[in-house]
Amino acid sequence: MERPAGFAAKPEHISLFAGVTGKYPELFSILQESQRATGAATMKPLSRILSLLTRANAATAKPAALPRPGHVAFVGAGPGDAGLLTVKALNALQSADVVIHDRLVSAEILALAGRGTALIDVGKQGFGTSTAQSEINALIVHHAARGSQVVRLKGGDPSVFGRLDEEIDACDAAGIGWHVVPGITAASASAAAIGQSLTKRGRNSSLRLLTGHDMQGFADHDWRALARPGEVAAIYMGKASARFVQGRLIMHGADRATPVTLVENASRPDQRILATTLERLPADLAAWQASGPALTLFGLAPRDAATALTEIEQKQELA
Ligand SMILES: C[S@@+](CC[C@H](N)C(=O)[O-])C[C@H]1O[C@@H](n2cnc3c(N)ncnc32)[C@H](O)[C@@H]1O
């Protein structure tokens, strides 16, 4: 294309022509058509306009959007009450292509997933799994590798007895990006249910999160340290190991009258509270017949008599 000496497009021309071509795309083709019909030699002004338009189009053309790579968000669903979900957790749920969730995640929370989101129940129950951990890892990687935005939804906080590291390792090994959205753990929800602090000045300056049993069986801990007066522990998956824990603590000098409180289905409509002592723990627990997830708060009693009422007593009061 012939160009007069000294001809150069100024930035203001570029933006002006970009605006023109954006609004009137047919102008560009009309000019091209005229130039072809009449010959470039006799159409210097047209050539200049076309040259400017071509550069303007190139300067403003948006690069084609790249497909989003697959990603995994490890999200804490909290203890069950949807009101205890974080805003970040809700956003992740609503923008996910696939949600892979545990058994403890409530139906109320799953209902918040976006329309068209695939929900996959991997039904983990404590340390016993109905889907093997290796299969869960493979499922997460499979969906993310296909480009899906995956939410791995776990009850409570994903970093508390949630086998988070194994799933992160699987993502790392497959080169898949991930991030963690923390959630409210059962210990926090249970303490709230009984109106107590997990730590208190002058009582306990540390808090232990224990599991009643691990993959090897009943889990061993520093029982001597826990048996000291004023100590507090939140015991996860502690129902089956109650007698073992009681025996170990008493053996290491714990006061048999130490308060112990169990909170079943903390934060959910069917929440129940059992206030007992270390001495009476196994017997009261057996009579209580808890079938839902329950957290044992060792060293804490409900703040007042009202919260210590059993479910039956609460029903009688409401009647
Ligand atoms: C595998 S652990 C998972 C803990 C979870 N990541 C958390 O942060 O709460 C499962 C145990 O958590 C406790 N748990 C979970 N949700 C609970 C709830 N709503 N009420 C009481 N205990 C709960 C129970 O001890 C249950 O056996």
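Everything numeric here is computed off the predicted structure, so don't read it as measured data. (Residues numbered from 1 in each chain as written. Predicted model: local features only at pLDDT ≥ 70, side-chain atom pairs only at ≥ 80, totals over all residues.)

(A) A look at the nonpolar core. With 64 residues, the main nonpolar core has Val75, Ile140, Val151, Val263 and Leu295 as its most contacted residues. Among the elements that line this core, the one with the most residues is helix α8 (residues 186-193), at five residues. A domain split of this core shows at least three residues from each of domain 2 (71-184) and domain 3 (187-314). Residues within four places of Val151 in sequence aside, it is in contact with Ala73, Val75, Ala92, Leu93, Ala96 and Val99. (Core = buried A, V, L, I, M, F, W, Y, C linked by C-beta atoms within 7 Å. Buried ≥ 20, exposed ≤ 12 C-beta atoms within 10 Å, placed from the backbone. Helix = DSSP H or I, 4+ residues; strand = E, 2+ residues; numbered from the N terminus. Domains from an automatic or database assignment. Contact = placed C-beta atoms within 7 Å.)

(B) Quick look at the sheet that holds strand β2 (residues 98-101). In spatial order, the strands read β3-β2-β6-β1-β7; together these five strands make up an open sheet with parallel pairing. Each edge of the sheet is formed by a strand with only one pairing partner; in this case those strands are β3 (118-121) and β7 (177-181). Pairwise comparison of adjacent strand axes, ignoring direction, gives a mean angle of 20° for this sheet. As defined by bridge partners, strand β1 (residues 71-76) adjoins strand β6 (residues 149-154) across six bridges and the pair is classed as parallel. Bridge assignment links Gly76 to a residue of β6, and that residue is Lys154. In the packing of helix α4 (residues 87-95) onto the sheet, the strands contacted are β1, β2, β6 and β7, and the crossing angle to β1 comes to about 135°. Across the sheet, helix α6 (residues 133-145) lies against β1, β2, β3 and β6, angled at about 155° from β6, the strand it touches most. (Pairing = 2+ DSSP bridges. Axes fitted to C-alpha atoms, helices over the stretch in contact; angles between N-to-C directions.)

(C) The arrangement of α8 in detail. Of all eight residues making up α8, seven are buried, and the element is well covered by its neighbours. Buried residues of α8: Ala186, Ala187, Ser188, Ala189, Ser190, Ala191 and Ala193, and no others. Structurally, α8 contributes buried residues whose contacts are with β8 (208-211), β11 (233-236), β12 (259-264), β13 (272-277) and β14 (294-298). Gly195 occupies a position one or two residues after α8 and carries a positive phi of about 65°.

(D) View of the site of the ligand. Near the ligand you find 25 residues, and of these Gly156, Val160, Thr185, Ala186 and Ala266 are the closest. Put simply, the parts of the chain that give the shell around the ligand at least two residues each are α8 and β14. Residue contributions to the shell around the ligand peak at three residues, all from α8. (Near = placed C-beta within 6 Å.)

(E) Molecular detail of helix α7 (residues 164-173). Turning to α7, its buried residues are Glu167, Ile168, Ala170 and Cys171. For α7, the buried positions fall inside an angular range of 155° around the axis, keeping them on one side. Away from its buried face by more than 90 degrees, α7 exposes Asp165, Glu166, Asp169, Asp172 and Ala173. Check the buried side of α7 and you find it contacts β1, α6, β6 and β7. Gly175, located one to two residues past α7, shows a positive phi value of around 70°. (Arc of directions from axis to C-beta.)

(F) Broad picture of the confidence of the model for the protein. Averaged over all residues, the pLDDT of the protein equals 85, while 73% of them reach at least 70. Contacts for the low-pLDDT stretch residues 1-7, under 50 throughout, to residues beyond four places or in other chains number 10 contacts. (pLDDT = per-residue confidence, 0-100.)

(G) Fine view of the environment of Ala254. Among the secondary structure elements, Ala254 is positioned in the loop between α10 (242-251) and β12. Of the residues examined, Ala254 has 23 C-beta atoms within 10 Å and is grouped as buried. C-alpha of Ala254 to C-alpha of Glu279: the two residues are 25 residues apart in sequence and 9.9 Å apart in space.

(H) Structural view of the packing of α6 against α7. Two elements in contact, α6 and α7, have axes separated by 9 Å at closest approach and are oriented at 45°. By the angle between their axes, α6 is oblique relative to α7. Crossing handedness for the pair α6 and α7: right-handed. From α6, Gln133, Ile136, Asn137, Ile140 and Val141 reach across to α7, where they touch Glu166, Glu167, Ala170 and Cys171. (Parallel < 35°, antiparallel > 145°, perpendicular 65-115°, else oblique. Left-handed = near helix turned anticlockwise from the far one by under 90°.)

(I) The arrangement of the sheet that holds β14 in detail. Reading across the sheet, the five strands line up as β8-β11-β14-β12-β13 and stay open at both edges, with mixed pairing between neighbours. Edge positions in the open sheet fall to β8 and β13, since each of these has one partner strand only. Strand after strand, the sheet turns through a mean of 20° between neighbouring axes, direction not considered. Pairing between β12 and β14: five bridges, direction antiparallel. Bridging from a neighbouring strand, Leu262 pairs with Thr296 of β14. Running over the sheet, α8 touches β8, β11, β12, β13 and β14 and is turned about 70° from β14.

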